[in-house]
Structures are given as C-alpha cells and as structure tokens.
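# Structural characterization, general
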Amino acid sequence: MNSENFHDSLNEYNEKMQCVGDIVLNLDYWDCECENNYIHPIEQQVCKKCDSTREDSPSSRENEVKHYVHRNLP
Ligand SMILES: [Zn+2]
C-alpha cells in the first residue's frame, strides 16, 4: 500500500477527489446513514430521511458516486 500523503485531484466531472491510501473519496458528495440513496451533493446540508448532517458525515467514495450519481456503470 502506498503510504504517501493523500493528494487532491479532479475527476472528469470536475469534482474534487481525495485519495487516502487505496480509497478515493469524492469531496463533492457525502454519505448519510440511509440504506439506499445515501449519497448527497455537497450543497445539501442534511438528509431529511435520517437527519444526518453534512458536517458529521463522511465523504462519498468516488466509485459509488460514479455508479449511483453519474450512472457510469462498468
Ligand atoms: Zn439519509
């Protein structure tokens, strides 16, 4: 595993990605605690279903954003 510090870059949608070890996060989205449709854009402050807030939630994973938001299926 590459132990160098994370670095930031943009994906093809001009969204900010952050690489942490083997994990690539998309900083333009965050995950709430719902089982489905848990990816929210950064403009959304809170999930009305589970009351998760953006501040207290982790960033979404890039591969999940691609899959569920952009429908960029492999
Ligand atoms: Zn939710």
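Provided above is the structure to which this section pertains.
Summary of the structure given here. Here the structure is a predicted model, which means the values were calculated and not measured.

### Observations regarding the pairing of strand β2 (residues 16–20)
The pairing of strand β1 (residues 8–10) with β2 spans 3 bridges and is antiparallel. Across the sheet, Leu 10 pairs through a bridge with Lys 16, a residue of β2. The antiparallel hairpin formed by β1 and β2 contains 5 residues in its connecting segment, where Asn 14 sits at a positive phi of about 65°. Bridge count between β2 and strand β3 (residues 23–31): 4 bridges; the pairing is antiparallel. For Gln 18, the partnering residue across the bridge sits in β3 and is Leu 25. From the end of β2 to the start of β3, which pair antiparallel, there are 2 residues, and Gly 21 there has a positive phi angle of about 60°.

### Focus on the environment of Lys 16
Here Lys 16 shows up in strand β2. Distance from Lys 16 to Glu 62, taken between C-alpha atoms, is 9.5 Å for residues 46 residues apart in sequence. Beyond its immediate chain neighbours, meaning those up to four positions away, Lys 16 contacts Asp 8, Leu 10, Leu 27 and Asp 28.

### A short note on the environment of Glu 35
Within the secondary structure, Glu 35 is located in the loop between β3 and β4 (39–41). By the C-beta count within 10 Å, which is 7 here, Glu 35 ends up exposed. Each C-alpha atom, one on Glu 35 and one on Cys 50, is 9.8 Å from the other, the two residues being 15 residues apart in sequence.

### With respect to the pairing of β3
In this structure, β3 lies alongside strand β5 (residues 59–61), joined through 3 bridges in antiparallel fashion. Looking at β5, one finds that Asn 26 is bridged to Ser 60.

Thresholds applied
- Residues numbered from 1 in each chain as written.
- Predicted model: local features only at pLDDT ≥ 70, side-chain atom pairs only at ≥ 80, totals over all residues.
- Pairing = 2+ DSSP bridges.
- Helix = DSSP H or I, 4+ residues; strand = E, 2+ residues; numbered from the N terminus.
- Contact = placed C-beta atoms within 7 Å.
- Buried ≥ 20, exposed ≤ 12 C-beta atoms within 10 Å, placed from the backbone.

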